[in-house]
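# Coordinate inspection notes
Single-letter residue listing:
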Amino acid sequence: MKNDYSIDLSNISNELSLLLEILKTGNNDSISLLKHEFFKEIDWDLFLDLSIHHRVFPLIYNKIIKLDDKSIPQHVINTLYLEYKKNTFQMLHLCGEMEQVNTLFTENKVRLLFLKGPIIAADLYGEISHRTSKDLDILIPITDIEKAEKLLKNAGYERENGPTAFMGDWKWRYHHVAYFHPLKKIQIELHWRQHPFPSKEPSFNELWDRKRISLLTKNPLFYLGKEDLFLYLITHGARHGWFRLRWLVDIDIMLRKGINLKSNNFNMRKYGKYSIVGQAMILSSNLLNTPIDFGFIKLKEVKSSKKLAQSAIYFINGISSLQTIASTKYFHRYLFSLKSNSQKVFSILILFYPTNVDAETVVLPKSLHFLYFLLRPFLSVWRKSRKICTNSTSK
């Protein structure tokens with residue numbers, strides 16, 4: 001009996017269904033081959049919103065301009081063209097900055113790996129204009145954080161947010177710091193981990209040994225090896241509920257190009273990625289008709305993978321921002337379900353670990369900081385009670 005890996009897509013809107021059908025068409029196919037009913041009862045403004053929200057408008061535009069008939073209104077095509085043009089300039093802008101940052105760090109002997117951005121667009125799509133990126137994500141050894149921050153600040157970058165040193169917890173409580181250049185209008189996320197702790201991942205040296213070289217710019221750039229990139233993108237997409245289809249399209253492309261499941265670098269169990277890789281396979285197969293290699297079939301037999309895939313449809317189907325999604329109880333339950341049993345235990349224990357907010361609530365001398373472990377539950381309850389009282393008074 002054939003295994004059923006299908007998930008319930010009955011709540012997906014007509015507009016999202018059309019978006020997915022267009023994305024499914026190959027580069028050499030014409031979307032005119034799509035069934036006419038896909039173009040019926042479409043709210044074209046919503047279709048545009050979804051194209052932009054899911055960051056797939058470059059691909060959508062490049063496919064619909066090949067359409068000869070009038071199935072898609074001209075104003076939709078015009079809007080997509082303007083967004084595509086704007087994105088092309090943005091990617092070129094990021095590409096230039098990527099080269100400058102790479103030169104700056106290399107000359108100062110700071111190793112860096114580019115996680116996303118134009119370098120990934122060129123690798124996966126062959127054209128930097130076919131993928132969107134709002135910033136540059138770079139990974140460096142944790143020992144070079146202070147040196148890298150100084151280099152960025154000297155180059156005109158200002159720190160937007162970041163770890164506040166409190167009881168030495170920043171190395172594991174956070175995984176990156178964001179910097180913004182006010183003149184260039186470019187954001188850089190400086191990572192010392194790929195994902196938040198306690199997610200298991202390879203060390204920087206392991207990733208560095210498996211790095212690939214890109215000749216996108218004048219000087220060579222380094223980025224993640226194929227299997228490392230695949231696991232990074234899957235973990236990133238899962239952690240954000242796959243609320244942008246762009247991430248899933250990346251996975252679809254990588255799967256179609258081929259991933260070596262027998263590679264020692266592709267150790268899903270070691271890094272606790274078994275269920276979320278299965279989730280990505282099920283989503284990609286159901287939404288984008290991705291052909292799944294036999295090696296992935298065992299992954300999809302895991303019940304949790306199918307459950308996780310179904311949960312993500314809720315986020316994919318909407319156009320809410322990440323901030324809105326992250327504020328919901330449903331999203332917090334979803335994030336908790338992604339964790340392994342040991343990670344779930346750690347997530348509960350970390351609730352009792354003091355933060356800088358506790359230090360701001362009650363100021364204690366450094367010699368008495370250990371008392372924050374005892375006070376934290378009471379301080380947390382007190383802050384919540386004050387918040388409730390404040391909200392009630394304002395009403």
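Structure report, in brief. (Residues numbered from 1 in each chain as written. Predicted model: local features only at pLDDT ≥ 70, side-chain atom pairs only at ≥ 80, totals over all residues. Heavy atoms only, no water.)

## Digging into the side chain of T235
Condition: Only DSSP runs of H or I with at least four residues qualify as helices, and only runs of E with at least two residues qualify as strands; both kinds are numbered from the N terminus onward. The cut-offs for exposure are 20% and 50% of the maximum accessible area for each residue type, with area from a 1.4 Å probe on protein chains only; residues under the lower value are buried, those over the upper are exposed, and the others partly exposed. Only heavy atoms matter for contacts: two residues are in contact if any of them lie within 4.5 Å across the pair.
Structurally, T235 is set in helix α9 (residues 226-239). According to the relative accessible area criterion, T235 is buried, its value standing at 7%. Each residue touching T235, except ones within four places of it in the same chain, is listed here: H195, S199, K273 and I276.

## Focus on the packing of aromatic side chains
Rule in force here: Stacked, edge-to-face and tilted are the three classes for Phe, Tyr and Trp ring pairs, Trp counted by its six-membered ring, which pair at centre distances within 6.5 Å; planes under 30 degrees apart are stacked, over 60 edge-to-face, the rest tilted. Ring-over charges, as used throughout, are those where CZ of Arg or NZ of Lys falls within 6 Å of the ring centre and within 35 degrees of the ring normal.
The tally for this structure, following the rule as stated, stands at twelve aromatic pairs. Relative to Y330, the ring of Y314 has its centre 4.7 Å away and its plane inclined at 55°; by these criteria the two rings are tilted. Placement of Y314 in helix α13 (residues 303-316) and of Y330 in helix α15 (residues 329-338) is noted, with a sequence separation of 16 residues between them. Judged by relative accessible area, which is 30%, Y330 ranks as partly exposed. Centre to centre, the rings of F315 and F331 are 5.5 Å apart; their planes meet at 85°, and the pair counts as edge-to-face. With F315 in helix α13 and F331 in helix α15, the pair connects residues that are 16 residues apart, well separated along the chain. F331 shares its class with F315; the two are buried. Linked through ring pairs, Y314, F315, Y330, F331 and Y334 together constitute an aromatic cluster. Over the aromatic face of W208 sits the side chain of R111, whose NZ or CZ is 5.5 Å from the ring centroid. The ring of F222 has K211 sitting right over it, with the charged end atom 5.2 Å from the ring centre.

## Re the pattern of salt bridges
Oppositely charged side chains may form a pair once their charged atoms are brought near each other. This is how it is decided: Here, a salt bridge means any Lys or Arg side-chain nitrogen found within 4 Å of an Asp or Glu carboxyl oxygen.
Tallying each qualifying case throughout the model produces eleven salt bridges. Of the charged contacts, one joins E21 and K24 as a salt bridge, the two residues approaching to 3.0 Å between their closest N and O atoms. Separated by three residues within a single helix, E21 and K24 lie in helix α1 (residues 14-24), roughly one turn from each other. The exposure class of E21 is buried, given its relative accessible area of 17%. Among the charged side chains, a salt-bridge network with shared partners connects E149, K153 and R159.

## Some details on the nonpolar core
Our working rule: The set of buried Ala, Val, Leu, Ile, Met, Phe, Trp, Tyr and Cys residues whose side-chain atoms join them within 4.5 Å is what this entry labels a nonpolar core.
Residues F105, W242, L245, L283 and L287 are the most contacted members of the largest nonpolar core, which totals 102 residues. A per-element tally of this core places helix α4 (residues 74-107) first, with ten residues.

## Observations regarding the packing of helix α3 (residues 57-64) against α4
Inclusion rule: In this analysis an axis means a line fitted to C-alpha atoms, helices contributing only their contacting stretch, and an angle means the value between N-to-C directions, from 0 to 180 degrees. If an angle is under 35 degrees, it is roughly parallel; if it is over 145, roughly antiparallel; if it lies from 65 to 115, roughly perpendicular; otherwise it is oblique. By definition, turning the near helix anticlockwise from the far helix through less than a right angle yields a left-handed crossing, and turning it clockwise yields a right-handed one. Under the scheme applied here, ten amino acids are nonpolar (Ala, Val, Leu, Ile, Met, Phe, Trp, Tyr, Cys and Pro), four are charged (Asp, Glu, Lys and Arg), and all others, including Gly, are polar.
The contact between α3 and α4 brings their axes to 9 Å, and the two run at 130°. As summarised for this structure, α3 and α4 are arranged oblique, according to the angle between their axes. Note that α3 runs across α4; the crossing there is left-handed. Counted together, F57, P58, I60, Y61, N62 and I64 of α3 and I77, L80, Y81, E83, Y84 and N87 of α4 form the full contact between these two elements. Residue classes in the contact of α3 with α4 are distributed as nine nonpolar, two polar and one charged.

## Here we look at the packing of α1 against helix α2 (residues 44-53)
Angle between the axes and distance between the axes are the two parameters that describe a pair of packed helices. In the contact formed by α1 and α2, the axes pass within 9 Å of each other and the chain directions differ by 55°. Relative to α2, the element α1 lies oblique. Helix-helix and strand crossings are classified by hand; for α1 and α2 the assignment is right-handed. For the pair α1 and α2, the contacting residues are E15, L16, L18, L19 and I22 in the first and W44, L46, F47, L50 and S51 in the second. Tallied by class, residues from the contact of α1 with α2 come to eight nonpolar, one polar and one charged.

## Some details on helix α5 (residues 118-125)
Burial of α5 is extensive: six of the eight residues sit out of reach of the surface. Following α5 by one or two positions, G126 adopts a phi angle in the positive range, close to 80°.

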